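Geometric and topological summary
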Amino acid sequence: LSFVFFFKQKTAYEIYQCDWSSDVCSSDLIDIAWANIYGKGDYIMPHSHTRAAASLVYCVDQGDPDELDPNGGLLCFVDPRFPDCCQIEPHHMTNPLKPTLVPGAMLLFPGQMVHFVTPYGGGRPRITLAWNINQQAIPGSPLEPFEGKT
């Protein structure tokens, strides 16, 4: 799995206008954005996003389907507040939500929502773009918790 970080703290309007003149803007900030490039066997463990009021995922290429595992390479969400996640017993997660991601699909969700990607078994890369969004700038680097770690 490759991560490519490509900009920090820009408003959606600045990105649309290709305005890269400022590092920090006053509203609707993108704290960090990255590309996820999944190869065969890549996955992401369950997690949520710090420094994010909302997170956004855009599907560039869903890759190839895995005939051996129809649940391979899926973005999944789990939350005990959602009845669809708790089909056996209320507030006990037994079934992840698995939204359909096709090229061009975009999902916006709360940054604290736990999500993961199941192991991808396709041959072509599975590519998504992701953003963490806030209403105001957050001091420090969004990469700080990861710097120096392998």
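As the structure is a computational prediction, the values presented were derived from the model and not from experiment.

**Regarding the sheet that holds strand S4 (residues 44-47)**
- Ordered in space as S4-S8-S6, the 3 strands form an open sheet in which the pairing is antiparallel. Lying at the two open borders of the sheet, with one neighbouring strand each, are S4 and strand S6 (75-78). Along the sheet, successive strands turn relative to each other by an average axial angle of 15 degrees, direction set aside.
- Pairing of S6 with strand S8 (residues 114-117) involves 4 bridges; the strand directions are antiparallel. Paired with valine 78 across the bridge in S8 is valine 114.

**Some details on the nonpolar core**
- Membership of the largest hydrophobic core is limited to 12 residues, which are Tyr38, Ile44, Val57, Cys59, Leu75, Phe77, Leu101, Ala105, Phe109, Met113, Val117 and Tyr120.
- Setting aside its immediate chain neighbours within four residues, methionine 113 contacts His47, Ser48, Phe77, Asp79 and Phe82.

**Let's talk about the side chain of asparagine 132**
- On the secondary structure map, asparagine 132 appears in strand S9 (residues 126-134).
- A polar contact of 2.6 Å, which involves the side chain of asparagine 132, links it to the side chain of histidine 49.
- Beyond its immediate chain neighbours, meaning those up to four positions away, asparagine 132 contacts Leu29, Ile30, Asp31, Ile32, Trp34, His49, Thr50, Arg51, Ala52, Ala54 and Ser55.

**What about the environment of cysteine 85?**
- The topology assignment puts cysteine 85 in the loop between S6 and strand S7 (106-110).
- In the structure, cysteine 85 is positioned 12 residues away from leucine 97 in sequence and 6.3 Å away in space, judged by C-alpha atoms.

**Overview of the layout of surface pockets**
- In this structure, the second largest pocket encloses a volume near 270 Å³.
- Taken together, the residues that form the lining of the second largest pocket break down as 8 nonpolar, 5 polar and 4 charged.

**Re the packing of aromatic side chains**
- This structure, assessed with the given rule, holds 1 aromatic pair.
- Ring geometry for phenylalanine 77 versus phenylalanine 109: centroids 4.8 Å apart, planes at 70 degrees, classification edge-to-face. One end of the pair, phenylalanine 77, is in strand S6; the other, phenylalanine 109, is in strand S7, with 32 residues separating them in the sequence. You'll find phenylalanine 77 and phenylalanine 109 in the same group, each marked buried.
- The ring centre of tyrosine 38 lies 4.7 Å from the NZ or CZ of arginine 126, which sits over that ring.

**Section: the environment of glutamine 62**
- Checked against the element boundaries, glutamine 62 lands in the loop between strand S5 (54-61) and S6.
- In this structure, the C-alpha to C-alpha distance between glutamine 62 and isoleucine 127, residues 65 residues apart in sequence, is 6.4 Å.
- Ignoring anything within four residues of it in the chain, the contact list for glutamine 62 reads Leu101, Val102, Pro103, Tyr120 and Arg126.

Each value, and the rule that gives it
Residues numbered from 1 in each chain as written. Predicted model: local features only at pLDDT ≥ 70, side-chain atom pairs only at ≥ 80, totals over all residues. Heavy atoms only, no water. Pairing = 2+ DSSP bridges. Helix = DSSP H or I, 4+ residues; strand = E, 2+ residues; numbered from the N terminus. Axes fitted to C-alpha atoms, helices over the stretch in contact; angles between N-to-C directions. Core = buried A, V, L, I, M, F, W, Y, C linked by side-chain atoms within 4.5 Å. Buried < 20%, exposed > 50% of the residue type's maximum accessible area, 1.4 Å probe, protein only. Contact = heavy atoms within 4.5 Å. Polar contact = N/O pair within 3.5 Å; in protein donor to acceptor, adjacent residues only side chain to side chain. 1 Å grid on protein atoms, 1.4 Å probe; cavity = no way out; pocket = protein on both sides within 12 Å on 5 of 7 lines; lining within 4 Å. Points joined across faces, edges and corners; volume = space filled by probe spheres on them. Nonpolar A, V, L, I, M, F, W, Y, C, P; charged D, E, K, R; others polar. Phe/Tyr/Trp six-rings, centres within 6.5 Å; stacked < 30°, edge-to-face > 60°. Lys NZ or Arg CZ within 6 Å of the ring centre and 35° of its normal.

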